[in-house]
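A structural walkthrough
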Amino acid sequence: MFYGWYIAAGGGALSLIAFGIAALGLGVLIDPMREELGWSLAAISLGFSLRSFEQGLLAPIGGVLVDRLGPRKMILTGVVLLAGGLLLFSQARSLPVYYAASVIAALGQSLGMGLPINAAMMNWFQRKRARAMGIVAAGRGGGYFIVPLFALLVTAAGWREALAIVALLIFVVGIVVALLVRDRPEHYGLLPDGETVPRAGASTPPTSSLIGMSVSAALRRRAFYLLTLSTGLTAGQSIAWTVHQVPHMTNTGFSLPEAGLVVAIYGGVQVAVRPAVGWLADLVGRHQLYIASFVLQGVGLLFFAQLSTDRLWLLPLYYLTYATGHAIWVILFITAIADHFGPRRFGTLQGLASTLTMPFGMLGPFLAGLAFDEFGSYELIFSIYAPLTALAAIFVILAGRPRGDFG
């Protein structure tokens, strides 16, 4: 089997644990922290916003380091920082310590989780890029199963002890995955997608992972900024939804275990759908499917805003629209950069794009927290985020189709 698939499986395993705990699972801690520490929802949400700010601020540095040092070293660094940040988080009894722990954990996520794994996938795959990302994204989707387990752990052991346990788990899994990862196929006599070197005189030679635009050339193209804007609009609501989905459901009549079950079912949908849409995107065209993802998410977010125990009939519609659109988006917003500009400087360009989307990531969860403190409900803010997400499709259309030799 082509070694790139082993790297994809390892990336999916690390994404399952890290995303399930450090992104989705932290929403489970909001109510226990409010009860023990007496902090407002806005103050707690500011910690998530600081994480988005720090991740966006350091993303270009992380991108340059990934391109220069390679994914393996960056994953090792990120695992240590993320585990350390979660351990500090478990001891937080004041807002400054909580914010410091949020920043350290975010630094670990920024340097060692998403970007290095994604860069490895862009290096090892070209024609099958969405399929490979579908495997990694399925791991992230499996992270939703971690939420109810984490909720049970928090209920049984307490939120501080639960954080210490998962910090150790992330450290162990992360080290194993880092040892599995290889930076580029050319270093091992291979080519992307497992292609072989063609015979002399072949008309279409396989493409190397070293091709692509320079950073300066990519930044002179309007497509870079249009793609970044579409990602920012969607990422803002996505982060807010990730952080506040459990509090929204518990506020509309769901118990914490019931909300965890809804999240777990959503994760099951993601695990099943993400590899399938990755395969479909490579088959019918990644660009067209990417446009559809924004519309589906916008419609689905409206269903989620109205969801309550009195309107359970909205739940399958929410899964059908938002879950499908989200599954497509989490795969293709990564591949879009490599498809348009090539994999050679993917890490740097993805890092720069993350910085430009930072304001959206900061405002998304913070505004949702403010809206709840003001109105006692998330319905209005999610209803506002829905059309903004659908609007992002227009920017992808204006960016145009990617170049065939890169995608």
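Rules used throughout
- Residues numbered from 1 in each chain as written.
- Predicted model: local features only at pLDDT ≥ 70, side-chain atom pairs only at ≥ 80, totals over all residues.
- Heavy atoms only, no water.
- Helix = DSSP H or I, 4+ residues; strand = E, 2+ residues; numbered from the N terminus.
- Contact = heavy atoms within 4.5 Å.
- Phe/Tyr/Trp six-rings, centres within 6.5 Å; stacked < 30°, edge-to-face > 60°.
- Buried < 20%, exposed > 50% of the residue type's maximum accessible area, 1.4 Å probe, protein only.
- Salt bridge = Lys/Arg side-chain N within 4 Å of Asp/Glu carboxyl O.
- Axes fitted to C-alpha atoms, helices over the stretch in contact; angles between N-to-C directions.
- Parallel < 35°, antiparallel > 145°, perpendicular 65-115°, else oblique.
- Left-handed = near helix turned anticlockwise from the far one by under 90°.
- Nonpolar A, V, L, I, M, F, W, Y, C, P; charged D, E, K, R; others polar.
- pLDDT = per-residue confidence, 0-100.

1. Describing the environment of Val177
Relative to the assigned elements, Val177 resides in helix H8 (residues 159-180). Counting along the chain gives 102 residues from Val177 to Ile75, while the straight-line C-alpha distance between them is 8.3 Å. When sequence neighbours within four positions are dropped, the list of residues in contact with Val177 reads Gly10, Gly11 and Leu14.

2. A word on the packing of aromatic side chains
In this description, an aromatic ring pair is defined by two values, namely the gap between the centres and the angle between the planes. With the rule as written, the count across this model stands at 24 aromatic pairs. On the numbers, 5.8 Å between centres and 50 degrees between planes, the contact of Tyr3 with Tyr6 is tilted. With Tyr3 and Tyr6 both in helix H1 (residues 3-24), this residue pair falls three residues apart, about one helical turn. For the ring pair Trp241 and Tyr322, a centre distance of 5.0 Å and an interplane angle of 50 degrees mean the geometry is tilted. Taken together, the positions of Trp241 in helix H10 (residues 222-251) and Tyr322 in helix H13 (residues 314-341) put the pair 81 residues apart, joining distant regions of the chain. The residues Trp241 and Tyr322 share a single accessibility class, namely buried.

3. Re the pattern of salt bridges
Applying the stated criterion to the full structure yields six salt bridges. A salt bridge links Asp339 to Arg129; the shortest N-O distance between them is 2.8 Å. Placement of Asp339 in helix H13 and of Arg129 in helix H7 (residues 129-157) is noted, with a sequence separation of 210 residues between them. Its relative accessible area of 4% is what places Asp339 among the buried residues.

4. Focus: the packing of H10 against helix H14 (residues 346-356)
For any two helices packed against each other, the geometry is given by the interaxial angle and the distance between the axes. Relative orientation of the contacting elements H10 and H14 amounts to 55 degrees, with a least axis distance of 9 Å. Here H10 lies oblique to H14, going by the angle between them. Considering how the two elements wind past one another, H10 and H14 form a crossing that is right-handed. Of H14, the residues touching H10 (which contributes Phe224, Tyr225 and Thr228) are Leu349, Leu352, Ala353 and Leu356. Classifying every residue of the contact of H10 with H14 gives six nonpolar, one polar and no charged.

5. Observations concerning the confidence of the model for the chain
When pLDDT is averaged across the chain, the result is 84; 93% of the residues are at 70 or more. For the chain, the element scoring lowest by mean pLDDT is helix H3 (residues 41-69), at 74; helix H12 (residues 286-306) scores highest, at 93. Below a pLDDT of 50 lies the segment residues 199-204, which in the model reaches zero contacts outside its immediate sequence neighbourhood of four places, other chains included.

6. Quick look at the packing of H7 against helix H11 (residues 256-284)
One can describe the packing of H7 onto H11 by two numbers: an axis separation of 7 Å at closest approach and a directional angle of 175 degrees. Considered as vectors, H7 and H11 are oriented roughly antiparallel to each other. Considering only residue class, the contact of H7 with H11 consists of 14 nonpolar, eight polar and five charged.

7. Some points on the side chain of Thr321
Structurally, Thr321 is set in helix H13. Filtering out sequence-adjacent residues up to four positions away, Thr321 remains in contact with Leu296, Gln297, Val299, Gly300 and Phe303.

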